[in-house]
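Single-letter residue listing:
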Amino acid sequence: MSIEKKENELSVYESMAARYDVAARKLGLDEGLSTYLRTPNREIIVHIPVDMDDGTMKVFDGFRVQHSIARGPCKGGLRYAPNVTLDEIRGLAAEMTWKCAVANIPFGGAKGGIICDPSKLSNGELERITRRYTAEILDYIGPDRDVPAPDMNTNEQTMAWIMDTYSMHTRHTETACVTGKPLDLGGSLGRREATGRGCMITADEALKRFGWKKESTRVIVQGFGNVGSQAARLMYESGYKIIGVADISGAVFNSSGVDIARLVEYVEKHKTVQGFDGGESIGVQEILEQECEILLPAATESVITSKNAHKVRAKILVEGANSPTTPPADDILFERGVFVIPDILANAGGVSVSYFEWVQDRQGYFWTEAVFNERLKQIMVSAFDGVVAFGEKHKVNNRIAAYMLAIDRVAFCLKLRGIYA
Ligand code: NAD
């Protein structure tokens, strides 16, 4: 079987498991414990009856996978898409466990999904799907059990509906049962920028290691949505030289630096970077292969594969997106000496902000944005240092180091707790 074939055939769970197995072996985990840690605690499948606007009734399938409660309540997003599968949700739930452990926040991982096409559903239909899904999983979620958050095609409004449904059943307003809520319903300041800011903080730490200056550090960002646009803007404002930006419909390249402030305005108006006059237009794939110090994929999964990993000319890869690199591409990047800041570290600003929102809701006391940003920095810097130190100690790349650090932390908690029988 060719490496490409294997790569295409790997499911989300298998990709996670491939890396997990390497890390667990290097840690010398006992086989039984290793199997237990890789396996989700609980997988819930629900069938959601919904009255549609046209008078018919439809049944939608939904999932919630709770991977681990060893370190605290489960935490993870809820996605709505026509191609959601249980296997995908299972893999993403496990990734959340490792991400929370790398960030050293007191959560385990979960993920949820509903098979539906939100573009073909009215607001009312979406609300009814969301509320019934919440009611179906009600016994398994809550501030001390499992705390959902937005993911693909879900947003603040979805979280408000979940919070309200949960609160109606518990007979009191319980804001801490979800995160990513509107600011007026217990949401947190700083959330919009947090994932992009976290990416920048890890890049800053890498720069310190290499002794590089921001002004001469060329950055290419793929994806100009929530994560990519905030990372590009913050990095631009702090002195990095952003030489390329791509989104799904086009890419712009300027070796003297793209004016990100102007690009943000352009994208607000035109909804794409395509056609921006502050640089030359270039292929969406081609931009990944340009010479730069930092490549920051913040778009989607599997954009760096065994087909193009050997063409990547960046020295540092900051994985803003989830799973932008396939396992076979990992090996190629490692052999070529690329310093990879893996997704479970680079984009952990996202789950850290969820943690902060949960803490603030439970305290009923809300922080200023400055306090929020300072605490985010502490988490990201300490996670970065932890991963790099683990990698150096065990002589493994940063991806495996991040997995090892995470698995080690979860296994340690599990050993302290013991197995209840
Ligand atoms: P988004 O939908 O806001 O933006 C995605 C951007 O990527 C858009 O600009 C889109 O045009 C572009 N894009 C999509 N496919 C592309 C392709 N093939 N080539 C080039 N550009 C492409 O999404 P987001 O919230 O910014 O999330 C981006 C990634 O980061 C996802 O992998 C997500 O899972 C991950 N992530 C997001 C957060 C968060 O806080 N939003 C947290 C952790 C991880």
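Keep in mind that this is a model prediction, so the values were computed, not measured.

**Some words on the overall build of the protein chain**
The number of helices and strands found in the protein chain is 14 helices and 12 strands. Taken over the C-alpha trace, the protein chain has a radius of gyration of 21 Å; the compact-globule value for 421 residues is 22 Å, and the two agree within 12%. For the C-alpha atoms alone, the extent of the protein chain along its principal axes is close to 60 × 55 × 50 Å. Across the protein chain, the fraction of contacts at a sequence separation of at least 24, relative to all contacts at a separation of at least 6, is 68%. Just so you have it, the protein chain exposes about 18100 Å², and 50% of that area is on carbon and sulfur atoms. Here the protein chain contributes 49 positively and 55 negatively charged side chains, and the mean placements of these two sets differ by 4 Å.

**Here we look at the sheet that holds strand 10 (residues 294–297)**
Here 7 strands make up an open sheet; going across it, the order is 9-8-7-6-10-11-12 and the pairing mixed. Single-partner strands in this sheet number two, and they are strand 9 (280–282) and strand 12 (339–341). Adjacent strand axes in the sheet meet at a mean angle of 20° when their direction is disregarded. Here strand 7 (residues 241–247) runs beside strand 8 (residues 250–253); their pairing, made up of 4 bridges, is antiparallel. The residue of strand 8 that forms the bridge with Gly 244 is Phe 253.

**Side note on the layout of surface pockets**
One number sums up the size of the second largest pocket: a volume of about 230 Å³. Around the second largest pocket, the lining is made up of 15 residues, and of these Phe 334, Val 338, Phe 339, Asn 397 and Asn 398 lie nearest the centre. Secondary structure elements with two or more residues in the lining of the second largest pocket: helix 10 (327–335), strand 12, helix 13 (369–394) and helix 14 (398–417). Classifying every residue of the lining of the second largest pocket gives 7 nonpolar, 4 polar and 4 charged.

**Looking at the sheet that holds strand 5 (residues 146–150)**
Strand pairing in a sheet relies on backbone hydrogen bonds. The paired strands run either parallel or antiparallel. Sheet architecture is open: 5 strands sit in the order 1-2-4-3-5, paired in mixed fashion. A strand with exactly one partner marks an edge of an open sheet, and here the two such strands are strand 1 (42–51) and strand 5. Each adjacent strand pair in this sheet contributes to an overall mean axis angle of 25°, direction not counted. Both strand 3 (residues 74–81) and strand 5 contribute to a ladder of 5 bridges, which runs parallel. For Cys 74, the partnering residue across the bridge sits in strand 5 and is Asp 146.

**Some details on the domain arrangement of the protein chain**
One can read the domain layout of the protein chain as domain 1 (42–187) and domain 2 (192–346). Each of domain 1 and domain 2 has a C-alpha centre, and the two are 30 Å apart. Counting residues at the interface gives 4 residues for domain 1, matched by 5 residues for domain 2. Summing both partners gives a buried area of about 440 Å² for domain 1 against domain 2, and 56% of it is carried by carbon and sulfur. Counting the surface domain 1 buries against domain 2, the share from its top three residues, Glu 95, Lys 99 and Val 102, is 78%. Between domain 1 and domain 2 we count 0 salt bridges in total.

**With respect to the environment of Lys 307**
You can see Lys 307 is positioned in the loop between strand 10 and strand 11 (316–318). Spatially, the C-alpha atoms of Lys 307 and Pro 328 are 9.5 Å apart, while their sequence positions differ by 21 residues.

Parameters and conventions
- Residues numbered from 1 in each chain as written.
- Predicted model: local features only at pLDDT ≥ 70, side-chain atom pairs only at ≥ 80, totals over all residues.
- Heavy atoms only, no water.
- Helix = DSSP H or I, 4+ residues; strand = E, 2+ residues; numbered from the N terminus.
- Rg over C-alpha atoms; globule rule 2.2 N^0.38 Å.
- Contact = heavy atoms within 4.5 Å.
- Areas by Shrake-Rupley, 256 points an atom, 1.4 Å probe, with all protein chains shown as cover.
- Lys, Arg positive; Asp, Glu negative; His and termini not counted.
- Charge placed at Lys NZ, Arg CZ, Asp CG, Glu CD.
- Pairing = 2+ DSSP bridges.
- Axes fitted to C-alpha atoms, helices over the stretch in contact; angles between N-to-C directions.
- 1 Å grid on protein atoms, 1.4 Å probe; cavity = no way out; pocket = protein on both sides within 12 Å on 5 of 7 lines; lining within 4 Å.
- Points joined across faces, edges and corners; volume = space filled by probe spheres on them.
- Nonpolar A, V, L, I, M, F, W, Y, C, P; charged D, E, K, R; others polar.
- Domains from an automatic or database assignment.
- Buried area = accessible area lost by both parts, 1.4 Å probe.
- Salt bridge = Lys/Arg side-chain N within 4 Å of Asp/Glu carboxyl O.

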